[in-house]
Every structure is written in structure tokens, then in C-alpha cells.
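Residues per chain, in single letters:
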Amino acid sequence: MTEMRKEDTVKLISAEGFEFVINKEAAMVSQTIRNMLTSPGSFAEAQHGEVTFPEISTTILEKICQYFHWSLQYASGKETEFPIEPELTLELMMAANYLHT
């Protein structure tokens, strides 16, 4: 497996401080993250390649990261479902609304 360069990744940080380093292309599934990382100006997120989510728990952010990668893999239209545990549904819906995913 080839190692990813730092500029090809983004660090997403949960409310509890857990860090998820994921492929930048996967993170760009989120319109909110895309705007933070690509908008003109001096967003700290773009400069450091880190985005902190003080309102999103580690469990939810982990599931969101899984969704980003799933979305990239299956965006071609293959019929497959993304598994969501029922107890996470409400928090995931709120986070997805914020992230525009």
C-alpha cells in the first residue's frame, strides 16, 4: 500500500479530541469541509489541513469518515447500502445536515 502524502490528507478532530486522518478527496464529499479547505481567504483549516468538530462525537465522526470513503467507492451508481446502526441515526442525521453530505 502506498503511503499518502500529508497534502493528500486532512485531519478531522472529534469533540473528544480523537483525530481521524483521511484522504482529502474523501473528506471533500462534505460540502462544508470542501468550503473550509478550498475557499479563498485564510481559513485556519486550509492552512493546517485540520478541521475540528466540537459538536460531533468520536463515534459519529468515525461513522462519517466511513461514509465518506463508502461514498467515493460507490458513487458510480452500484446498488449498495451504507450500514447505519439504529442508535446512531439521529446524531448522524444532525451531523450530515451540518456537513451537507
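This text follows the structure it describes.
Source: prediction; values computed, not measured. (Residues numbered from 1 in each chain as written. Predicted model: local features only at pLDDT ≥ 70, side-chain atom pairs only at ≥ 80, totals over all residues. Heavy atoms only, no water.)

K.L.:
Sorry, what's going on with the overall build of the protein here?
P.N.:
When helices and strands are counted, the protein shows five helices and three strands. When the helices and strands of the protein are placed in sequence order, the string is β-β-α-α-α-β-α-α. Along the longest, intermediate and shortest principal axes, the C-alpha atoms of the protein span 40 × 30 × 25 Å. When the 101 residues of the protein are sorted by exposure, 33% land in the buried category. Contacts in the protein between residues far apart in sequence, at least 24 positions, make up 60% of those at least 6 positions apart. Accessible surface for the protein amounts to roughly 6,800 Å². Of this, 53% is attributable to carbon and sulfur atoms. Within the protein, the 15 negative side-chain charges are centred at a point lying 9 Å from the centre of the 7 positive side-chain charges. (Helix = DSSP H or I, 4+ residues; strand = E, 2+ residues; numbered from the N terminus. Buried < 20%, exposed > 50% of the residue type's maximum accessible area, 1.4 Å probe, protein only. Contact = heavy atoms within 4.5 Å. Areas by Shrake-Rupley, 256 points an atom, 1.4 Å probe, with all protein chains shown as cover. Lys, Arg positive; Asp, Glu negative; His and termini not counted. Charge placed at Lys NZ, Arg CZ, Asp CG, Glu CD.)

K.L.:
Even after reading the chapter, I still don't get the pattern of salt bridges, so can you show me in this structure?
P.N.:
Any two side chains of opposite charge can pair, given that their charged atoms come close. A complete count under the given rule lists three salt bridges for this structure. Lys11 serves as the salt-bridge partner of Glu19, at 3.4 Å between the closest nitrogen and oxygen. The network of salt bridges with shared partners includes Lys11, Glu19 and Glu50. (Salt bridge = Lys/Arg side-chain N within 4 Å of Asp/Glu carboxyl O.)

K.L.:
Would you mind showing me how to read the environment of Glu16 here?
P.N.:
Positionally, Glu16 belongs in the loop between strand E1 (9–13) and strand E2 (19–23). In sequence terms Glu16 and Ser71 are 55 residues apart; their C-alpha atoms lie 25 Å from each other. Look past the residues within four positions of Glu16 in its chain and what remains in contact with it is Ile56, Ser57 and Thr58. Here the side chain of Glu16 touches Thr58 through a polar contact of 2.6 Å, side chain to side chain. (Polar contact = N/O pair within 3.5 Å; in protein donor to acceptor, adjacent residues only side chain to side chain.)

K.L.:
Just to check I follow, could you spell out the pairing of E1 for this structure?
P.N.:
Along a regular strand, successive side chains alternate from one face of the sheet to the other. Here E1 lies mainly inside the structure; four of its five residues are buried. One ladder, built from five bridges, connects E1 with E2; its direction is antiparallel. Its bridge partner being in E2, Ile13 is matched across the sheet by Glu19. Between the end of E1 and the start of E2, which pair antiparallel, lie five residues, with Gly17 showing a positive phi angle near 95°. Here E1 pairs with strand E3 (residues 50–52) via three bridges, running parallel. Residue pairing for E3: Ile13 is matched across the bridge by Thr52. (Pairing = 2+ DSSP bridges.)

Shape is all these values report; function is a separate question.
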